[in-house]
Amino acid sequence: MGGDTYREMFSLQDRTVMVAGGAGAIGSAMARAAAAFGARVVIADFAEEPRERVAEDLRAEGASAMGVYANVLEPDSVRAAIAEAEGAFGPVAALINAVGTHIEQPAEGVTLEAWDKVMGINLRGAFVLSQAAACSMIANQVRGSIIHVTSVRSGLGIRRGYAAYVASKGGLGVLIKQLATEWATYGIRVNGIAPTFTRTALVADYLTDPSFYEPLVARIPLGRIAECDDLVGLAVFLASDASAMITGQNIFVDGGVTASQ
């Protein structure tokens, strides 16, 4: 194959990519990257002003982009968001799920309210998004890609009150394998991106605490935490034809921490 053919493998030109949680730090970075590779981008988020701001910024840069309401705790809203995206931009070819939350409580003190909220958003919500996207792809005969942002904590514990979070991400890690196995017959690929601590508002308090941050970085062979832009190349790769033989994987973007634990 020639150089142009290899470059085409990474192209998202004229493909509709929906980014759930696209108003957040990780989601918006992935949305910008998808747009840079030619995608029509749908910012799906429950927060109206932030999602519309991201979509407007993308349009100002020349991309085709729109914001739609979606709340993973409301399955009807997710299905409606996909239908709205299809109506405006055509069938969804890739779904990126960057929705997530965390409530820190010691395991002996975890409330069922907190457990249910974290599991509801991180695991149940991921399934709601996956199912809605897959049903759309199957109906439209799209050989699509579903990408979930998981965590290194999908396979590792941590000496903090993360019981609900690690359970949700661990469950998502094996759910990815199951969905990839079931939906391969339709040409739908399902994968995960598992970062180490990434600089976002969700963990800002941890990262400004030297007693937490310094030991954390010391355990990471590359000597730093992840930035949002460290994740976007993998998102584009998994959404594109360049990863056509990759499915059921939870790929770590962690500076080597899981290699050394």
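The model shown is predicted, which means the values in this text are computed figures rather than measured ones.

A. A look at the overall build of the chain. Across its full length, the chain holds ten helices and seven strands. Dimensions of the chain, computed from C-alpha atoms along their principal axes, come out at roughly 45 × 45 × 40 Å. Of all 261 residues assigned to the chain, the portion counted as buried reaches 52%. Within the chain, counting contacts between residues at least 6 apart in sequence, those at least 24 apart form 72% of the total. Total accessible area on the chain stands at roughly 12,000 Å², and carbon and sulfur atoms take up 53% of it. Computed over 20 positive and 27 negative side-chain charges, the inter-centroid distance for the chain is 5 Å.

B. Structural context of helix H2 (residues 25-36). Taking 1.5 Å as the rise per residue, H2 with twelve residues should run 16 Å; its terminal C-alpha atoms sit 17 Å apart, in good agreement. With respect to burial, H2 is a largely interior element, nine of its twelve residues being buried. Among all positions in H2, only Ile26, Gly27, Ser28, Ala29, Met30, Ala31, Ala33, Ala34 and Ala35 are buried. Once H2 ends, the next one or two residues include Gly38, with phi positive near 100°.

C. Representation of the pattern of salt bridges. Going through the model one piece at a time under the given rule, you end up with nine salt bridges. The shortest N-O distance in the salt bridge between Arg7 and Asp4 comes to 2.5 Å. Residue Arg7 and its partner Asp4 are located together in helix H1 (residues 3-9), separated by three residues, close to a single helical turn. Asp4 sits in the exposed class, given a relative accessible area of 55%.

D. Examining the environment of Ala184 more closely. Structurally, Ala184 is set in the loop between helix H6 (163-183) and strand S6 (189-195). The class of Ala184 is partly exposed, set by a relative accessible area of 43%. Along the chain, Ala184 and Ala167 lie 17 residues apart, while their C-alpha atoms are 26 Å from each other.

E. Region of the structure containing the packing of aromatic side chains. Counted according to the given criterion, the structure contains six aromatic pairs. Arranged with centres 5.5 Å apart and planes meeting at 80°, the rings of Tyr162 and Tyr165 form a pair that is edge-to-face. With respect to burial, Tyr162 and Tyr165 carry one shared label: buried. With 5.3 Å between their ring centres and 40° between their planes, Tyr206 and Phe212 make a pair best called tilted. With relative accessibility at 12%, the residue Tyr206 sits in the buried group. Here Phe212 falls in the buried class, since its relative accessible area comes to 10%. An aromatic cluster of at least three residues, connected via ring pairs, comprises Tyr162, Tyr165, Phe197, Tyr206 and Phe212.

F. Focus on the sheet that holds strand S3 (residues 65-69). As summarised here, the arrangement of the seven strands in space is S3-S2-S1-S4-S5-S6-S7, forming an open sheet in which the pairing is parallel. Each edge of the sheet is formed by a strand with only one pairing partner; in this case those strands are S3 and strand S7 (250-253). Averaged over all neighbouring strand pairs, the angle between strand axes comes to 20°, with direction disregarded. Strand direction decides the pairing type here: strand S1 (residues 16-20) and strand S2 (residues 40-45), joined by five bridges, are parallel. Following the sheet pairing, Met18 is matched in S2 by Val42. Here helix H5 (residues 112-139) sits on the sheet and contacts S1, strand S4 (92-97) and strand S5 (145-149); the angle it forms with S4, its principal contact strand, is near 175°.

G. Broad picture of unusual backbone geometry. Positive phi, close to 65°, is recorded for Asp14, a residue that is not glycine. Take Asp14: it is sitting in the loop between H1 and S1. A residue is classified by how much of its surface remains accessible, and Asp14, at 49% relative accessible area, is partly exposed. Even without being glycine, Gln141 reaches a positive phi, approximately 55°.

H. Highlighting the environment of Tyr213. Along the polypeptide, Tyr213 turns up in helix H8 (residues 210-219). A relative accessible area of 24% places Tyr213 in the partly exposed class.

I. Spotlight on the packing of H2 against helix H9 (residues 229-239). As a packed pair, H2 and H9 sit with axes 9 Å apart at the nearest point and diverge in direction by 50°. Viewed along their axes, H2 and H9 adopt a mutual orientation that is oblique. Considering how the two elements wind past one another, H2 and H9 form a crossing that is right-handed. Judged by residue contacts, Ile26, Ala29, Met30, Ala33 and Ala34 of H2 engage Asp229, Leu231, Val232, Ala235 and Val236 from H9. Taken together, the residues of the contact of H2 with H9 sort by class into nine nonpolar, no polar and one charged.

Analysis parameters
- Residues numbered from 1 in each chain as written.
- Predicted model: local features only at pLDDT ≥ 70, side-chain atom pairs only at ≥ 80, totals over all residues.
- Heavy atoms only, no water.
- Helix = DSSP H or I, 4+ residues; strand = E, 2+ residues; numbered from the N terminus.
- Buried < 20%, exposed > 50% of the residue type's maximum accessible area, 1.4 Å probe, protein only.
- Contact = heavy atoms within 4.5 Å.
- Areas by Shrake-Rupley, 256 points an atom, 1.4 Å probe, with all protein chains shown as cover.
- Lys, Arg positive; Asp, Glu negative; His and termini not counted.
- Charge placed at Lys NZ, Arg CZ, Asp CG, Glu CD.
- Expected span 1.5 Å × (residues − 1).
- Salt bridge = Lys/Arg side-chain N within 4 Å of Asp/Glu carboxyl O.
- Phe/Tyr/Trp six-rings, centres within 6.5 Å; stacked < 30°, edge-to-face > 60°.
- Pairing = 2+ DSSP bridges.
- Axes fitted to C-alpha atoms, helices over the stretch in contact; angles between N-to-C directions.
- Parallel < 35°, antiparallel > 145°, perpendicular 65-115°, else oblique.
- Left-handed = near helix turned anticlockwise from the far one by under 90°.
- Nonpolar A, V, L, I, M, F, W, Y, C, P; charged D, E, K, R; others polar.

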